[in-house]
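Below are the chains, spelled out letter by letter.
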Amino acid sequence: MPESTVYDVAVVGGGIVGLSIAYCCAKAGLRVVVLDEGDDHRKASWATAGIIGAQPFEQAKTPFTRLLGLGGKLHAIWAQELRELTGIDVGYRRCGLIEFARDETEAHALRSAAGHYRAHGIDWQELSPQRLAELEPAVQHDYVSAYLVPATAQARPPAVLAALRVACSMLGATFFTPSGTVVGFLVHGERVDGVVTVTGPVYAEATVVAAGAWSGPLLSRLGLRFDTEPVRGQVCLLAGPVGLVRHILMVGRRYIVPRFDGLYLVGSTQERVGYDGSVTAHGVGHLLAFACALCPPLADAKLHRTWAGLRPGNPDGKPFIGPVPGYERLFIAAGHLRSGFVTGPATGLVMKQLIVGEEPEVPLWPFRPDRPVTAATLDDDEDS
Ligand SMILES: Cc1cc2nc3c(=O)[nH]c(=O)nc-3n(C[C@H](O)[C@H](O)[C@H](O)COP(=O)(O)OP(=O)(O)OC[C@H]3O[C@@H](n4cnc5c(N)ncnc54)[C@H](O)[C@@H]3O)c2cc1C
């Protein structure tokens, strides 16, 4: 990498958040470099289920629901845009989601969620047992209630990452992977002039740390404290008959996502085990038991693949998006926990807007990196 090159934006991290920032900046004509360790299987964005919530942007009332709504809207637009630009189909489908309550407590929680949905413009319907049987004949019917959210969508995460990388390259972005592993920052007084990688310095007018769960440890090299604690999620992929399940099925935090080609993604655990991306017999066992109880014919499906990803945690339920306090030209976009696949594109757009001095489309004050954080409770799985 020639030392004389000064990029407009250096993005550290090539997950959905980093690539979305790179894509938005490259589309705006900025000279972008993406620095990434290079192993797709290490990314939470590769491991993700790819569920895209149904929040409509125009009717979202809070900053967080606006971030969700903008993310969902951009996923739909980008799916078409990326196919036209790169020829890659990212598997975007509005398949709908059915959420189940196992007992009265969950039924109450679902009724409350339905009230929230209504207030935020999300279409939903309570399903009678007959209607549920029509929609999903293979599902076991011993639930207290079931709700359909028709506008919930999904995309195939590895295809989204591949399409974004190709699109960014076509728009002139430079990629350093795996030589892009960042080990420090180029600091002059309070100004950050880029990063130090394992193969040398990379200079940039603006540097964005979007390194997922690794963002906190990386920024600790500047003496900064950002809690992006990893939260492991294990997943199983089953291969069965096409069309056995048609909607995303959700019970508590567990779900089955039908991929339309006979693959069924079953997820996921929520575990705080540090930077351990292992798949465990215990985790997989619980996921398989859940899937076969909800949809008994899946017991005959083949166990196609298993994996785990490390979600980037945050201390108060919200990501960090904005300028890093105490340093000029340094930004963070990390800590998206369970919603980073949906909100990644929205984070990319608002980060580009911040960098070029435009008004961000989402109010960013709740996500300010210098906000006082009150720790929210994040329950680990009781059973994994
Ligand atoms: C099992 C599972 C299911 C999920 N399901 C959903 C879902 O359905 N919907 C949803 O919205 N969200 C979901 N999520 C959450 C979502 O996947 C994450 O919030 C999101 O992917 C985070 O993206 P990221 O780009 O911040 O991090 P990552 O994808 O982890 O990317 C970070 C990148 O930074 C790189 N990196 C780290 N350190 C350095 C360094 N020093 N130098 C250079 N590069 C570095 C890493 O190698 C990695 O490529 C799920 C997560 C998991 C694990």
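In case you missed it, the structure is sitting above this.
Attention here is on the structure that accompanies the text. (Residues numbered from 1 in each chain as written. Predicted model: local features only at pLDDT ≥ 70, side-chain atom pairs only at ≥ 80, totals over all residues.)

Moving on: the packing of helix H3 (residues 63-86) against helix H9 (residues 340-356). Their axes nearest at 7 Å, the elements H3 and H9 cross at an angle of 95°. Our classification of the angle between H3 and H9 gives roughly perpendicular. On the side of H3, the interface is formed by Leu-67, Leu-68, Leu-70, Gly-71, Gly-72, Leu-74, His-75 and Trp-78, while H9 contributes Val-342, Thr-343, Gly-344, Pro-345, Ala-346 and Leu-349. Tallied by class, the residues present in the contact of H3 with H9 amount to nine nonpolar, five polar and no charged. (Axes fitted to C-alpha atoms, helices over the stretch in contact; angles between N-to-C directions. Helix = DSSP H or I, 4+ residues; strand = E, 2+ residues; numbered from the N terminus. Parallel < 35°, antiparallel > 145°, perpendicular 65-115°, else oblique. Contact = placed C-beta atoms within 7 Å. Nonpolar A, V, L, I, M, F, W, Y, C, P; charged D, E, K, R; others polar.)

A few words now on the site of the ligand. Gly-15, Gly-212, Gly-233, Gly-309 and Gly-340 are the nearest of the 43 residues found near the ligand. Elements that contribute at least two residues to the shell around the ligand include exactly helix H1 (16-27), helix H2 (44-47), strand S12 (230-239), strand S16 (302-312) and H9. Examining the composition of the shell around the ligand, we find that four residues originate from one element, H9, more than from any other. When the residues that make up the shell around the ligand are grouped by side-chain class, the tally is 19 nonpolar, 18 polar and six charged. The residues that make up the shell around the ligand include at least three from each of domain 1 (6-89 + 157-228 + 315-367) and domain 2 (97-151 + 230-311). (Near = placed C-beta within 6 Å. Domains from an automatic or database assignment.)

All right, on to helix H6 (residues 157-170) then. Look at H6: 20 Å from first C-alpha to last across 14 residues, which is about the 20 Å you get at 1.5 Å a residue. When we look at burial in H6, the residues that qualify are Pro-157, Val-160, Leu-161, Ala-163, Leu-164, Arg-165, Ala-167 and Cys-168. Against H1, strand S2 (32-35), H2, H3 and H9 lie the buried residues of H6. Just downstream of H6 lies Gly-172, where phi reads positive at about 100°. (Expected span 1.5 Å × (residues − 1). Buried ≥ 20, exposed ≤ 12 C-beta atoms within 10 Å, placed from the backbone.)

The step from Thr-177 to Pro-178 runs through a cis peptide bond, and the omega angle for that step is -5°. Tracing the chain through its elements places Pro-178 in the loop between strand S8 (174-176) and strand S9 (182-188). Positive phi, close to 75°, is recorded for Phe-260, a residue that is not glycine. You can see Phe-260 is positioned in the loop between strand S14 (254-258) and strand S15 (263-267). Phi is positive for Leu-337, which is not a glycine, with a value near 45°. Structurally, Leu-337 can be placed in the loop between strand S18 (330-334) and H9. Classification of Leu-337 by C-beta neighbours within 10 Å gives buried; the count is 21.

With that settled, the discussion passes to the pairing of strand S17 (residues 320-323). Taken together, the four bridges between S17 and S18 define a ladder with antiparallel strand orientation. By the bridge assignment for S18, Ile-321 is matched with Ala-333. Where S17 hands over to S18, the hairpin turn is made up of six residues, of which Gly-326 adopts a positive phi near 90°. (Pairing = 2+ DSSP bridges.)

This brings us to the packing of H1 against H6. For any two helices packed against each other, the geometry comes down to the angle between their axes and how far apart the axes lie. Packing of H1 against H6 leaves a shortest axis separation of 9 Å and a crossing angle of 30°. As far as their axial angle goes, H6 and H1 are roughly parallel. In this structure, the crossing between H1 and H6 has a hand that is left-handed. For the pair formed by H1 and H6, the contact residues are Ile-16, Leu-19, Ser-20, Ala-22, Tyr-23 and Ala-26 on the first element and Val-160, Leu-161, Leu-164, Arg-165, Ala-167 and Cys-168 on the second. Grouping the amino acids of the contact of H1 with H6 by side-chain chemistry returns ten nonpolar, one polar and one charged. (Left-handed = near helix turned anticlockwise from the far one by under 90°.)

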